[in-house]
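# Chain and residue survey
What follows is the residue order along each chain.
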Amino acid sequence: MTQYLDDLAEFIHTAPSPYHVTAQVAQRAAEAGFTVLDDAPGPWPSEPGGYVLVRDGAVIAWKIPEQVTEYPTFHIVGAHTDSPTFRVKPLPDNTSVGYARVGVEVYGGVLVNSWLDRDLGFAGRLITADEQHLVRTPAMARIPQLAIHLDRSVNDGLKLDRQQHLVPIVGVGDETNILAEIAKHADVEPEAVQGFDLVLTDTQAPATIGVDNDFFAAPRLDNLVSVHAGLRALLESESEHITVLAAFDHEEVGSETRTGAGGPLLGEMLGRILDSLNVPATQHQTMISHSIMLSADGGHLVHPNYPERHDPQHYPLPNAGPILKVNATQRYLSDGHGAAKFVGWADQAGVPHQVFVSKNTQPSGSTIGPISATRLGMETIDAGIGLLSMHSVREMCGAQDPEHLAKLAVAFYQDSRR
Ligand SMILES: [Zn+2]
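Small disclaimer: the values here were computed from a predicted structure and weren't measured.

Taken across its 7 residues, strand E3 (residues 58–64) has 7 buried, putting it largely inside the fold. Where burial is concerned, the two faces of E3 agree: the one with Ala 58, Ile 60, Trp 62 and Ile 64 and the one with Val 59, Ala 61 and Lys 63 are both buried. Where strand E2 (residues 49–55) lies against E3, 7 bridges are found, and the strand directions are antiparallel. Pairing of Tyr 51 across the sheet is with Trp 62, part of E3. Connecting the antiparallel pair E2 and E3 is a turn made up of 2 residues, with Asp 56 showing a positive phi of about 50 degrees. Bridge count between E3 and strand E13 (residues 242–248): 5 bridges; the pairing is antiparallel. Residue pairing in the sheet places Val 59 in a bridge with Ala 247 of E13.

This is how it looks when you write it as structure tokens:
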């Protein structure tokens, strides 16, 4: 693996839940000299330098340049920390015919069949009276697929009932106390756990595959590739703008939450940064509207076994660079100006680039771009690297594309235009 992929693999593997992602971002930023701010009311420092703030599953990191103009604008990479998975139910323990099982809820647009027959762990946070404890376990659970001998027509189309057929098994015999088992891995007394937010996670480490190691396979590529690329670029770049990485939670369930892109988080943070720089409040909305966001999220590579699902003029391929995402109904926001800027950043960075538009009979996905732009009014360009198996428990991408995206993000941050 290249150094870049090694670093990405480690980032993904140590970040099995949004709370781990935000902790990783804060830790890496702190190691690079950023100040970790408390999420509490009060004025913020105005000195040049890097800052990072975590609010639950969302994280905002930014850099204030040495010379700030009178009316500063922001260059923001937007991404999300969450991925489709299963969330542990409030009263999880149950049994069926002699097996101990754990009740789970479906989170986001899960490609459910991909979760069958995987060695699954639990990850997330345990809440005690005074603290939050991040936790991840080794493989403890599995959702076994029914043998073909007991379902001869399965290959004509697998049908999985979301309540009945997706309950992981964790043991044999009586009901277990799964929370107590998980608490052991966080060094927390089980009785002290008062609340929790836990998801299932694949325990297999990321890897390169293919005859020339052309591909990179990992869980949560959507959208940790973008969070990681944005962070690397933020730490690396020198810009005259205020540069920001905004990674939101809850994109996979619609973003309309306190820490989602539809919530007040980013607007509040940008306002507080402008306050700290003594920009009059009457100017805040204008400065934010004149800022720019690169909304980075996974795109669809053309699938060699299903090329008919793509528009024949637009076939994104692995290792052919970041994809500009275009959609007439504005599910993606890139317009002509955005396209020109995107090509300029790719050229500046020396990376290839490509473009995606859905075929007319295939409704488009969406991202945080339109949600955030509708709220804040800033120019937004939707882009990202191409994936195969999007929303599978283990996705894949071209091995070179993650680094292409990070280089393009550096050029975006350093673009001297507003
Ligand atoms: Zn995504």
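After that view, the rundown keeps rolling.
Let's shift gears to the sheet that holds E3. Strands sit in the order E1-E2-E3-E13-E4-E14-E18-E16-E17 across an open sheet of 9 strands; the sheet is mixed. In this open sheet, the two edge strands, each paired with only one partner strand, are strand E1 (35–36) and strand E17 (354–356). In this sheet, strand E18 (residues 379–384) lies alongside strand E16 (residues 323–325) in antiparallel orientation, the contact comprising 2 bridges. Paired with Ile 323 across the bridge in E18 is Gly 384.

Around the zinc ion, the protein contributes the donor atoms His 80 (NE2), Asp 222 (OD), Asp 297 (OD) and Asp 297 (OD), at 2.0 to 2.7 Å from the metal centre. One way to put it: the 4 donor atoms around the zinc ion meet at angles of 52 to 142 degrees, and that makes the site irregular. Counting along the primary sequence, the residues that act as donors to the zinc ion give the motif H-x141-D-x74-D. Taken together, the residues His 80 in strand E4 (residues 74–80) and Asp 222 in helix H4 (residues 221–236) connect sequence positions 142 residues apart.

Moving on, we get to the pattern of salt bridges. Between side chains of opposite charge, a pair can form when the charged atoms approach closely. What the rule picks out here adds up to 14 salt bridges. Residue Glu 379 is joined to Lys 341 by a salt bridge in which the shortest nitrogen-to-oxygen separation is 2.8 Å. A residue pair is termed long-range when its members are at least 10 positions apart, and Glu 379 in strand E18 and Lys 341 in helix H7 (residues 336–349) qualify at 38 residues. Grouping residues by exposure puts Glu 379 and Lys 341 together as buried.

In this structure, the amide linkage connecting Asp 222 to the following residue, Asn 223, adopts the cis form with an omega of 20 degrees. Of note in the backbone geometry, Asp 117 takes a positive phi value of approximately 60 degrees without being a glycine. Using a relative accessible area of 33% as the deciding quantity, one classes Asp 117 as partly exposed.

Turning our attention to the environment of Glu 236. Structurally, Glu 236 can be placed in helix H4. Placed 137 residues apart in sequence, Glu 236 and Tyr 99 show a C-alpha to C-alpha distance of 51 Å.

This brings us to the packing of aromatic side chains. Going through the model one piece at a time under the given rule, you end up with 5 aromatic pairs. With centroids separated by 5.6 Å and ring planes inclined at 40 degrees, the aromatic side chains of Phe 412 and Tyr 413 adopt a geometry described as tilted. The class of Tyr 413 is buried, set by a relative accessible area of 0%.

The next thing to look at is the pairing of strand E12 (residues 215–218). Bridging between strand E11 (residues 207–209) and E12 involves 3 bridges; their strand directions are antiparallel. Bridge pairing links Thr 208 to Phe 216 in E12. Linking E11 back to E12 in an antiparallel pair, the connection comprises 5 residues, with Gly 210 at a positive phi of about 105 degrees. As paired strands, E12 and strand E20 (residues 395–398) are joined by 4 bridges and run antiparallel to one another. Looking across to E20, one finds that Ala 217 is bridged to Met 396.

The rules we used
Residues numbered from 1 in each chain as written. Predicted model: local features only at pLDDT ≥ 70, side-chain atom pairs only at ≥ 80, totals over all residues. Heavy atoms only, no water. Buried < 20%, exposed > 50% of the residue type's maximum accessible area, 1.4 Å probe, protein only. Helix = DSSP H or I, 4+ residues; strand = E, 2+ residues; numbered from the N terminus. Pairing = 2+ DSSP bridges. Donors = N, O, S within 2.8 Å, 3.2 Å for Na, K, Ca; no water. Tetrahedral: all angles 85-135°; square planar, octahedral: opposite > 155°, others 65-115°. Salt bridge = Lys/Arg side-chain N within 4 Å of Asp/Glu carboxyl O. Phe/Tyr/Trp six-rings, centres within 6.5 Å; stacked < 30°, edge-to-face > 60°.

Interpretation in functional terms is not warranted from these geometric data alone.
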